[in-house]
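Given next are the chains, with one letter for each unit.
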Amino acid sequence: MKAHTIIKRPHITEKATHLSEKGVYVFEVSTKTNKREVVKAVHALYNITPAKVRMITVPAKKVFVRGRVGFTAKMKKAMVFLKKGDTIETL
């Protein structure tokens, strides 16, 4: 898989913003990817080797909107921990 298909987009929330100040960046990744592929993709896109990566699978949730039942999409997040002094400038 190519780096752009592995890492879909940065996951920007209030919690992710606070973590980025500590050197931890959160990305939304493909549901079929693993930690090694995320490390290679971050290195290819940002020229930085992460210290470690943690993966989180977010399950689909049931929602009720306008009288109809539906589901939110499931997704996978990757928390990328960088070494001290390293930053990702595009975020």
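The written sequence of each chain sets the order in which its residues are numbered from 1. Under the rules for a predicted model, residues below a pLDDT of 70 receive no local features and side-chain atom pairs below 80 are neither given nor counted, while totals for whole chains, interfaces and linings still include all residues. Computation of side-chain values: all heavy atoms of the structure, hydrogens and water removed.

## Some points on the packing of aromatic side chains
Okay, step 1: Each Phe, Tyr or Trp ring (for Trp, its six-membered ring) is paired with any other whose centre lies within 6.5 Å, and the angle between the two planes then decides the class: stacked below 30 degrees, edge-to-face above 60, tilted in between. Tallying each qualifying case throughout the model produces one aromatic pair.
Okay, step 2: Over a ring means this: the NZ of a Lys or the CZ of an Arg is within 6 Å of the ring centre and within 35 degrees of the ring normal. Taking NZ or CZ as reference, K52 lies 4.8 Å from the ring centre of F81, over its face.

## Things to note about the environment of K52
Okay, step 1: Within the secondary structure, K52 is located in strand β3 (residues 52-58).
Okay, step 2: Separated by 23 residues in sequence, K52 and M75 place their C-alpha atoms 20 Å apart.
Okay, step 3: Whether two residues are in contact is decided by their heavy atoms: any pair within 4.5 Å suffices. Other than its neighbours up to four places away in sequence, K52 contacts M79, V80 and F81. Elements are defined by DSSP. Helices are runs of H or I of four residues or more, strands are runs of E of two residues or more, and each kind is numbered from the N terminus.

## As for the nonpolar core
Okay, step 1: Residues belong to a common nonpolar core when they are buried Ala, Val, Leu, Ile, Met, Phe, Trp, Tyr or Cys residues joined through side-chain atoms within 4.5 Å. Summary of the burial criterion: residues with accessible area below 20% of their type's maximum are buried, those above 50% are exposed, and those between are partly exposed, where the area comes from a 1.4 Å probe applied to protein chains only. Core analysis: the biggest nonpolar cluster contains 15 residues, and I7, F27, V29, V38, V80, L82 and I88 have the highest contact counts within it.
Okay, step 2: Excluding anything up to four places from it in sequence, V29 contacts I6, I7, K8, V38, M55, K76, K77 and A78.
Okay, step 3: L19, V24, V26 and F81 belong to the second-largest nonpolar core, a separate cluster that totals six residues.

## So, the environment of A78
Okay, step 1: Structurally, A78 can be placed in strand β6 (residues 75-81).
Okay, step 2: In sequence terms A78 and N34 are 44 residues apart; their C-alpha atoms lie 9.2 Å from each other.
Okay, step 3: Those residues in contact with A78 that sit more than four places away from it in its chain are Y25, V26, F27, V29, V38, V53, R54 and M55.

## Observations regarding the side chain of K77
Okay, step 1: The topology assignment puts K77 in strand β6.
Okay, step 2: Residues scored as positive are Lys and Arg, those scored as negative are Asp and Glu, and His as well as the terminal groups of each chain are ignored. Note on definitions: salt bridges are taken to be side-chain nitrogens of Lys or Arg within 4 Å of carboxyl oxygens of Asp or Glu. For the buried K77, no salt bridge is present, and the opposite-charge side chain at shortest range is E28, 8.6 Å distant.
Okay, step 3: With residues near it in sequence (within four places) discarded, K77 still touches H11, V26, F27, V29, R54, M55, I56 and V58.

## Remarks on the side chain of S30
Okay, step 1: Tracing the backbone through its elements, the reader meets S30 in the loop between β2 (24-29) and α3 (35-46).
Okay, step 2: If we ignore the near neighbours within four places in the chain, the residues touching S30 are M1, T5, I6, K8 and K76.

## Some details on α3
Okay, step 1: Take the residue count of a helix, subtract one, and multiply by 1.5 Å to get its expected span. Spanning 12 residues, α3 covers 16 Å between terminal C-alpha atoms, matching the ideal 16 Å at 1.5 Å per step.
Okay, step 2: All of the buried residues in α3 are V38, A41 and V42. Looking down the long axis of α3, one finds its buried residues gathered within 100 degrees of arc, a one-sided arrangement. Along α3, exposed side chains directed more than 90 degrees from the buried face belong to R36, K40 and A44.
Okay, step 3: Buried residues belonging to α3 abut α1 (3-6), β1 (7-10), β2, β3 and β6.
Okay, step 4: Between N or O atoms, a polar contact is any pair within 3.5 Å; within protein, one atom must be a potential hydrogen donor and the other a potential acceptor, and residues adjacent in sequence are included only when both atoms are from side chains. Near the N-terminus of α3, the side chain that reaches the backbone nitrogen of R36, with its oxygen 3.4 Å away, is that of N34.
Okay, step 5: Within two residues after α3, N47 carries a phi angle of roughly 55 degrees, on the positive side. This arc is built from the directions going out from the helix axis to the C-beta atoms.

None of the figures reported here should be taken as evidence of function without further support.
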